Amino acid sequence: DAKHAQLDEHSRSAFVSLERTMAALNATANMVVAVKAQRVAGVRRVAAKHAVARLGGLKAPVSMSMRKGGRQSLGVFAAGLDFAELESAVEDDEMEWSPPVRATRKDGKSSKEAKQSKRFRKAQASVPGRMAPQEPAAGIKLMMDNATAKFVESAEAHIRLNIDPKYNDQQLRATVALPKGTGKTVRVAVLCQGDAIAAAKEAGADFAGAEDLVEDIAGGMMDFDLLIASPDMMPKAAKLGRALGPKGLMPNPKAGTVTPNVAQAVSEFKGGKVEFRADKQGIVHVPFGKLNFSPADLMENMKAIVDAIDANRPSGAKGIYWKSMYIASTMGPSVQIDHTAVQAMKVE
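The notes below deal with the structure included here.

Conventions we followed
Residues numbered from 1 in each chain as written. Predicted model: local features only at pLDDT ≥ 70, side-chain atom pairs only at ≥ 80, totals over all residues. Heavy atoms only, no water. Pairing = 2+ DSSP bridges. Helix = DSSP H or I, 4+ residues; strand = E, 2+ residues; numbered from the N terminus. Contact = heavy atoms within 4.5 Å. Axes fitted to C-alpha atoms, helices over the stretch in contact; angles between N-to-C directions. Core = buried A, V, L, I, M, F, W, Y, C linked by side-chain atoms within 4.5 Å. Buried < 20%, exposed > 50% of the residue type's maximum accessible area, 1.4 Å probe, protein only. Arc of directions from axis to C-beta. Parallel < 35°, antiparallel > 145°, perpendicular 65-115°, else oblique. Left-handed = near helix turned anticlockwise from the far one by under 90°. Nonpolar A, V, L, I, M, F, W, Y, C, P; charged D, E, K, R; others polar.

Spatial ordering of the open sheet is given by β14-β8-β15-β16, a layout of four strands whose pairing is antiparallel. The sheet is open, and its two borders are formed by β14 (283-290) and β16 (335-336), each paired with just one other strand. For strand β8 (residues 154-161) and β14, the ladder comprises six bridges, and the chain directions are antiparallel. Looking at β14, one finds that Ser154 is bridged to Lys290. Here helix α11 (residues 295-311) sits on the sheet and contacts β8, β14 and β15 (322-329); the angle it forms with β14, its principal contact strand, is near 155 degrees.

Here it is in structure tokens:
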């Protein structure tokens with residue numbers, strides 16, 4: 001009898017343990033209790049339900065976890081609890097969330113507007129939105145009307161292309177001869193030998209020489225905006241890389257500044273030939289005149305730039321090549337231009 005009683009007791013305890021285990025397994029699946037996560041002004045604001053649920057007289061704390069990185073939500077999980085019971089607990093005691101009040105300046109301006117001058121804000125208010133492309137003639141007129149600085153501003157074109165310059169076959173670097181010139185005085189230095197020195201000076205070079213000019217530049221002489229070199233002088237100009245490279249003045253065949261005919265190159269750059277290249281974001285920045293030019297002259301220069309970019313399209317550029325085109329004065333707001341209208345335009 002004692003043996004049978006002991007077996008019955010063991011059986012009952014085992015059955016109770018098994019019952020509890022099965023109940024726990026049936027409700028082990030983690031269930032979302034409350035989720036409330038929002039991002040306001042770049043800051044994650046989270047309101048989550050903290051609760052302690054009861055099941056069979058036992059307390060089961062709600063656990064919380066948040067995934068790192070990106071715009072994620074906050075999940076609150078509970079193990080071994082009845083989902084309907086948890087839902088009702090959340091509804092009974094839900095926390096209200098309200099967005100934080102954004103700090104504003106006394107004058108009502110944003111931080112960006114506070115850094116802009118009254119003149120610029122007034123000019124920007126008269127320009128259509130950045131996503132409203134204008135016809136070329138209307139865009140140039142808007143740019144000229146809103147150039148209110150106290151000096152003659154330059155006209156600049158900023159063109160975003162569908163290229164990634166980190167790949168060699170998607171890099172863009174070339175030159176374009178502006179029909180109406182740049183409106184700037186370009187100081188040109190020429191590295192050449194023999195009779196080419198006299199020819200370069202006759203063509204309008206400000207400095208021309210061989211080893212003597214190399215030594216002057218190495219010594220710190222930088223009174224020029226452009227350096228042209230003949231191919232036979234490039235080995236001697238190699239030691240100037242540290243001085244010229246960071247300033248973008250090192251002669252390069254792609255830019256047309258390494259040529260055997262230095263006199264012709266001087267005439268072209270003095271007459272309005274400019275170099276352009278795409279930056280790391282695939283954007284081309286190039287000036288196309290001064291605002292004391294006539295609208296027709298600016299139009300002709302802008303058309304020449306667009307044609308040159310199309311003519312020098314990189315071999316690795318696939319699909320849509322042009323993304324957007326903006327023009328702006330030196331100190332004025334930008335105006336988006338319909339580049340397809342410029343491409344279709346015919347300049348007489």
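Turning our attention to the nonpolar core. The biggest cluster of nonpolar side chains holds 37 residues, and the ones touching the most others in it are Ile309 and Ile327. At the level of elements, α5 (136-145), β8, β9 (173-177), β13 (273-277), β14, α11 and β15 are the ones that each hand at least two residues to this core. Broken down by element, this core gets its largest block of residues, eight residues, from α11. Non-local contacts of Ile327, meaning those with residues more than four positions away in its chain, are made with Gly139, Ile140, Met143, Glu156, Ala157, Phe288, Met302, Pro333, Ser334, Val335 and Ile337. Ranked by size, the runner-up nonpolar core spans 15 residues in total, among them Leu213, Val214, Leu227 and Ala237.

With that out of the way, let us pick up α5. Looking only at α5, the buried set comprises Pro136, Gly139, Ile140, Leu142 and Met143. The buried residues of α5 occupy an angular sector of 160 degrees when the element is viewed end-on, so they sit on one face. For α5, the elements touching its buried residues are β8, β14, α11, β15, β16 and α12 (339-344).

What follows deals with the pairing of β15. With seven of eight residues buried, β15 lies mostly within the body of the structure. Bridge analysis of β8 against β15 gives seven bridges, and the strand direction is antiparallel. Considered in β15, the bridge of Ala155 is made with Ser329. Strand direction decides the pairing type here: β15 and β16, joined by two bridges, are antiparallel. Looking at β16, one finds that Ile327 is bridged to Val335. From the end of β15 to the start of β16, which pair antiparallel, there are five residues.

Interaxial distance between α5 and α11 falls to 10 Å at its minimum, and their mutual angle equals 120 degrees. The orientation of α5 relative to α11 falls into the category oblique. Relative to α11, the crossing made by α5 is right-handed. Here Pro136, Ala137, Ile140, Met143 and Met144 of α5 lie close against α11, whose contacting residues are Pro295, Leu298, Met299 and Met302. Residues that form the contact of α5 with α11 fall into these classes: nine nonpolar, no polar and no charged.

Only one face of β9 is buried, namely the one carrying Ala174 and Val176, since none of Arg173, Thr175 and Ala177 on the opposite face is buried. Two strands pair when backbone bridges link them, and β9 and β13 are joined in this way by five bridges, in the antiparallel orientation. By the bridge assignment for β13, Thr175 is matched with Glu275.

Among all positions of helix α10 (residues 262-271), only Val262, Ala263, Ala265, Val266 and Phe269 are buried. Viewed along the axis of α10, the buried residues span an arc of 160 degrees, placing them on a single side of the element. On the buried face of α10, the contacting elements are β10 (188-191), α6 (195-203), β12 (226-229) and β13. The first or second residue beyond α10 is Gly272, which carries a positive phi of 125 degrees.

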